[in-house]
Amino acid sequence: MSTNSQNPGQLEEFSYNDKITKWFIGATMLWGVVALLLGVTVAFQLAYWKLNLGLEWTTFGRLRPLHTNAAIFAFVGNAIFAGIYYSTQRLCKARLFSDFLSNFHFWGWQLIIVAAAITLPLGITTGKEYAELEWPIDIAIAVVWVAFAINFIGTLVKRRERHIYVALWFYIATIVTVAVLHIVNSISLPVDFMKSYPVYAGVQDALVQWWYGHNAVAFFLTTPFLGLMYYFVPKAANRPVYSYRLSIIHFWSLVFIYIWAGPHHLLYSSTPDWVQTVGMVFSVILWMPSWGGMINGLLTLRGVWDKVRKDPVLKFQATAITFYGMATFEGPLLSIKSVNYLGHFTDWIVGHVHAGTIGWNYMMIAGILYYLVPKIWKTKLYSLKLANTQFWAATIGLLLYMMSMWVAGITQGLMWRQIDAGGRLVYPNFIETVVKIVPMYWVRAFGGVLVLAGFIIMVYNLIMTIKLAKKDEKEEVFAAAPLNASSEEANATPHRRLEGLPILFTVLTTLAILVGGAVEIIPSLLSNKFIEKNPNVKPYTPLELAGRDIYIAEGCYVCHSQQIRPTPEENLRYGKPSTAADSVYDRPFQWGSRRIGPDLARVGGKYNDMWHYRHMMNPRDVTPKSIMPDYTWLFKKKTDFASIEKKVKVMKALGVPYSDEEVRRAFDLAQEQAESITKGLVEQGIPSEMKNKQIIALIAYLQRLGIDTSDKE
């Protein structure tokens, strides 16, 4: 039994719920292997298209969202919960508020992950990056997150430590902000049990989505890990945090500034210029608080650098903090318009993202697991040699990944933009730029294999460590004095007093993130009011709407953008720049985040129907050396004509100007357009039975893109 000798007369006995931490550790290891294996799979699919296997469930377009969801919410998410539940109990000297809520949180989160693993390969998706799950799963996420929040705040309330330590500040910011982001971004109107349309459209949807997407990175992949850093690094180094004052500045500046920076994902897009400028300015300012955290973390290791060389916990943590510093330098750099001009839509962004997720999150998780498993199972690490092997495999793999993507990205950016003296594109055919970077895709995939292999080595090492533990270990009992007035400090600073008021601290944190969020979200919500509509832009026909849903289900948006930037080379390659009016009926927006294939904003009418038919059957028939997979199932699966009327009805309810007659006749209108497209294909030898197949609806959608404004302005 541990005791508090300072106040022996008022001691209360308690124990920690470490069972829940063990469960989340196990889930972290399981989903970590799955997420990294999926990452390696999609990396090889880009290098060699046949690895899409010719199956709809295993194409890049469907597996890539599964990989990102598995990496962010399954692998990293479970690691966050393990670290938070372990450290919060010790920082509060209290058992978790509710064992029931802890168990509900664990099993609820795992069921959500399983639901994602089933629905995304089936093509059930909202088509919004990092938020692809459909509305019933979104509701489940909100419910489980609320259970987590109650459990965490309840533990703070029943704590036996007066002051809430800096790690807990970052946990509070994470819990509050993720809830706000998830709820605002996920609001949609259901069509049926697994289909919905967002309430936002076009520019509005893009702003809300990247407010969410940027801050999901901020408050799911960054702030909880900063909190974990502030707990586990001093523990592992056996030294206090370098600077308490820097912690305060770091925390408040980060949570206030981070949430303003989302629009840097939309530079040169159809969003208002002032929104882009605000996003860029706050992204550059963000460099300072980010590096404040990095400096505080690294300087906490002062005097123990010899241990960093030997101890796998500190070795991974020091590496993680270093990569955090690199990624948070590169992020603001990429948000500068002139740099973004080169890097956006290219693989440079992919390299940047993985420097954060592998360098910062993976490395920190490895350090935390090497600390937690021996500690919580009360044993010693099975093999230091294996831990070192993992470290070098992961580090070399990550460096290969980053460098190959930097080279690929800059190569793409330069080739796309190269114009000769005669004012013509030097590389007018997009496939020329793709072929050039395929060797880099092989290097990236090999780097990913090393990262995966390192993780598997760690899992083996930790399982063997757990096997060394004694069986039937009894729950340890601790003792500490309850909170009372005598524990208050007489001359405490204002912030020190605030640290003794967790509810007020939570309210102020919420206000800090809401101010920045409101500045971006309120104009987003009002954007439909000030966007001047183009009378030539009409709503999609019922069949085009069905084809659009097929396009989204296949994940075409992960390779193709629909946003032509106002730059000379894009004008030459794709046509007139996109405007806000172009996408007023797009729910969800389809501006994309990278280009593995050309922009499709004005592809309508560029090729005939037969070209699209052959392109989807075998892309290499019309584009030699294409790395796009075959979509043969679109020629076998029927379009869901029965649901078209309901889809049009929901769109009308959201404000799309369909007439009552168009809603009532949606089925007939779709059939008539399908018959018209099929008739032209039949004349070229295609069987008439194709009329009801998905390929016809998809052709209808692709042929509509950009048509309304291409020749009328």
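Preceding this section is the structure that the text describes.
Residues numbered from 1 in each chain as written. Predicted model: local features only at pLDDT ≥ 70, side-chain atom pairs only at ≥ 80, totals over all residues. Heavy atoms only, no water.

Undergrad: I'd like a rundown of the overall build of the protein, residues and numbers included.
TA: Scanning the protein for helices and strands turns up 26 helices and four strands. In terms of C-alpha radius of gyration, the protein reaches 27 Å, essentially the compact-globule figure of 27 Å for 713 residues. By the burial criterion, 61% of the 713 residues in the protein qualify as buried. In the protein, the share of contacts with a sequence separation of at least 24, taken over all contacts with a separation of at least 6, comes to 83%. A total of about 27,700 Å² of accessible surface is found on the protein, and carbon and sulfur atoms cover 65% of it. (Helix = DSSP H or I, 4+ residues; strand = E, 2+ residues; numbered from the N terminus. Rg over C-alpha atoms; globule rule 2.2 N^0.38 Å. Buried < 20%, exposed > 50% of the residue type's maximum accessible area, 1.4 Å probe, protein only. Contact = heavy atoms within 4.5 Å. Areas by Shrake-Rupley, 256 points an atom, 1.4 Å probe, with all protein chains shown as cover.)

Undergrad: Give me the lowdown on the nonpolar core, citing residues and values where you can.
TA: If you look at the biggest cluster of nonpolar residues, it comprises 218 residues, and the most contacted ones within it are Trp109, Phe220, Trp360, Tyr362, Tyr613, Leu634 and Ile695. Looking at this core, the element that brings in the most residues is helix 2 (residues 60–92), giving 19 residues. Not counting the four nearest positions on each side in its chain, Trp360 is found in contact with Leu221, Thr222, Phe225, Leu226, Met229, Ala320, Ile321, Phe323, Tyr324 and Ala355. (Core = buried A, V, L, I, M, F, W, Y, C linked by side-chain atoms within 4.5 Å.)

Undergrad: Before we move on, could you go through the packing of aromatic side chains and cite the residues and values that matter?
TA: Evaluation of the coordinates by the stated rule reveals 55 aromatic pairs. Residues Phe232 and Tyr371 carry aromatic rings whose centres are separated by 5.4 Å and whose planes lie at 75 degrees to one another, so their mutual orientation is edge-to-face. Taken together, the residues Phe232 in helix 7 (residues 223–237) and Tyr371 in helix 14 (residues 347–376) connect sequence positions 139 residues apart. Grouping residues by exposure puts Phe232 and Tyr371 together as buried. One aromatic cluster is present, built from ring pairs that chain together Trp23, Phe24, Phe73, Phe81, Tyr85, Phe106, Trp107, Trp109, Trp145, Phe148 and Phe220. We note Lys315 situated over the ring of Phe391; from NZ or CZ to the ring centre the distance is 5.5 Å. (Phe/Tyr/Trp six-rings, centres within 6.5 Å; stacked < 30°, edge-to-face > 60°. Lys NZ or Arg CZ within 6 Å of the ring centre and 35° of its normal.)

Undergrad: Please provide a residue-by-residue account of the packing of helix 2 against helix 4 (residues 135–157), values included.
TA: Axis angle and axis distance: for two packed helices, these are the angle between their axes and the distance between the axes, and together they describe the pair. Relative to each other, helix 2 and helix 4 sit at 20 degrees, their axes nearing to 10 Å. Considered as vectors, helix 2 and helix 4 are oriented roughly parallel to each other. In the packing of helix 2 onto helix 4, the handedness of the crossing is left-handed. When helix 2 is examined against helix 4, the residues Phe81, Ile84, Tyr85, Thr88 and Cys92 are found in contact with a partner set consisting of Trp145, Phe148, Asn151, Phe152, Thr155 and Leu156. (Axes fitted to C-alpha atoms, helices over the stretch in contact; angles between N-to-C directions. Parallel < 35°, antiparallel > 145°, perpendicular 65-115°, else oblique. Left-handed = near helix turned anticlockwise from the far one by under 90°.)

Undergrad: Could you give an account of helix 21 (residues 609–617), naming the residues involved and the relevant values?
TA: Met610, Trp611, His612, Tyr613, His615 and Met616 are the residues of helix 21 that are buried. Residues of helix 21 that are buried in the fold lie against helix 24 (666–682) and helix 25 (694–704). You can read the cap of helix 21 off the contacts: a side-chain oxygen lies 3.1 Å from the backbone nitrogen of Met610, and it is on Asn608. (Polar contact = N/O pair within 3.5 Å; in protein donor to acceptor, adjacent residues only side chain to side chain.)

Undergrad: Outline the side chain of Thr300, supporting the account with residue identities and numerical values.
TA: Following the sequence through the fold, Thr300 ends up in the loop between helix 10 (287–299) and helix 11 (305–310). If we ignore the near neighbours within four places in the chain, the residues touching Thr300 are Val233, Pro234, Arg239, Pro240, Val241 and Tyr242.

Undergrad: Could you give an account of the pattern of salt bridges, with specific residues and numbers?
TA: In the structure shown here, the tally under the stated rule is 27 salt bridges. With a shortest N-O distance of 2.9 Å, Asp18 and Arg90 are connected by a salt bridge. Residue Asp18 is found in helix 1 (residues 18–47), and its partner Arg90 is found in helix 2; the two are separated by 72 residues along the sequence. The salt bridge involving Arg62 is made with Glu56; its shortest N-O contact spans 3.4 Å. (Salt bridge = Lys/Arg side-chain N within 4 Å of Asp/Glu carboxyl O.)

Undergrad: Could you give me a rundown of the environment of Ile431, with the residues and numbers involved?
TA: Note that Ile431 resides in helix 16 (residues 430–467). Among the residues examined, Ile431 registers a relative accessible area of 13% and is labelled buried. Residues Ile431 and Gly297, spaced 134 residues apart in sequence, show a C-alpha to C-alpha distance of 45 Å. Once residues lying within four places of it in the same chain are set aside, the contact partners of Ile431 are Thr623, Pro624, Lys625 and Ser626.

Undergrad: Could you give me a rundown of a nonpolar patch on the surface, with the residues and numbers involved?
TA: Taken together, Val157, Leu501, Ile503, Leu504, Val507, Leu508, Leu511 and Leu514 make up a surface patch of nonpolar side chains, about 670 Å² in accessible area. Ranked by the residues each element gives to the nonpolar patch, the list is headed by helix 18 (residues 502–530), at six residues. Looking at the element boundaries, Val507 is found in helix 18. (Patch = residues over 30% accessible without salt bridge, like charges linked within 9 Å, V, L, I, M, F, W, Y side chains within 5 Å.)

Undergrad: A description of the pairing of strand 2 (residues 188–192) should follow, citing residues and the corresponding values.
TA: Where strand 2 meets strand 3 (residues 195–198), four bridges bridge the pair, whose relative direction is antiparallel. The residue of strand 3 that forms the bridge with Asp192 is Lys195. With antiparallel pairing between neighbouring strands as the criterion, strand 2 and strand 3 make up a hairpin whose turn holds two residues. (Pairing = 2+ DSSP bridges.)

Undergrad: Break down the packing of helix 1 against helix 14 for me, citing the residues and quoting the values.
TA: Where helix 1 meets helix 14, the axes come as close as 11 Å, and the angle between the chain directions of the two elements is 140 degrees. On the basis of the axis angle, helix 1 is oblique to helix 14. In this structure, helix 1 crosses over helix 14, and the sense of that crossing is left-handed. Mapping the contact onto sequence places Asp18, Thr21, Lys22, Ile25, Thr28, Met29 and Leu36 in helix 1 and Tyr362, Ile365, Leu369, Leu372, Val373 and Ile376 in helix 14. Broken down by class, the residue content of the contact of helix 1 with helix 14 amounts to nine nonpolar, two polar and two charged. (Nonpolar A, V, L, I, M, F, W, Y, C, P; charged D, E, K, R; others polar.)

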